[in-house]
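The chain contents come next:
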Amino acid sequence: MRSPSQSIQNGRRVDEINMTPMIDVVFLLIIFFLVSSHLARQENRHAVDLPSAQSSIESDPNAAPINLTMDSSHQLWLGATQVNLDEMITRLSQTKSIVETPVRLRVDQSVAYRFVEPVLHRINRIGIRDLSIATLPSSNRSGASR
């Protein structure tokens, strides 16, 4: 009895490879990466004009930080959702490993520090120690928003 993956042509046995499962897996991977890249872009979709800095430390590309944005009108955005200060603290507090959770604060350069300071104090009070403030290198300052 022949296995389904073999056939006989011109007296020789020829193995056939069924490509359907491999094509299914490739399509599933394509869909996964399209959806995940779309969600990653949504996290930073609220554009702000970041301040420039002469020195900085590159962030870890493997870390998945929580993005907190303050725009020029002093509105807070947690990911792609607009929140007030109390909602932000409540949501950050619900994070499982609060101490190790990296938070990236993106603040528009036109926002005065007096509006940023309460956010920093509240984040510190709930125990988040891995906080970074997003900036642009001073040499790349061309007026582009990120």
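For the structure itself, look to the data block above.
Computed from a predicted structure; not experimentally measured.

Caption draft 1: Structural context of helix 3 (residues 113–125). With 13 residues, helix 3 extends 18 Å from end C-alpha to end C-alpha; this agrees with the ideal 18 Å at 1.5 Å per step. Taken together, the buried positions of helix 3 are Val116, Val119, Leu120 and Ile123. Seen from one end, helix 3 has its buried residues packed into an arc of 100°, which puts them on one side. Opposite its buried face, helix 3 presents the exposed residues Arg114 and Arg125, each directed more than 90 degrees away. Contacts from the buried residues of helix 3 go to strand 4 (66–70), strand 5 (76–78), helix 2 (85–93), strand 7 (103–107) and strand 8 (131–133).

Caption draft 2: Highlighting unusual backbone geometry. Phi is positive for His74, which is not a glycine, with a value near 65°. Following the sequence through the fold, His74 ends up in the loop between strand 4 and strand 5.

Caption draft 3: Expanded view of the side chain of Asn67. Relative to the helices and strands, Asn67 resides in strand 4. At a separation of 3.2 Å, a polar atom in the side chain of Asn67 contacts the side chain of Arg104.

Cut-off values and rules
Residues numbered from 1 in each chain as written. Predicted model: local features only at pLDDT ≥ 70, side-chain atom pairs only at ≥ 80, totals over all residues. Heavy atoms only, no water. Helix = DSSP H or I, 4+ residues; strand = E, 2+ residues; numbered from the N terminus. Expected span 1.5 Å × (residues − 1). Buried < 20%, exposed > 50% of the residue type's maximum accessible area, 1.4 Å probe, protein only. Arc of directions from axis to C-beta. Contact = heavy atoms within 4.5 Å. Polar contact = N/O pair within 3.5 Å; in protein donor to acceptor, adjacent residues only side chain to side chain.

These figures come from the coordinates and say nothing about function on their own.
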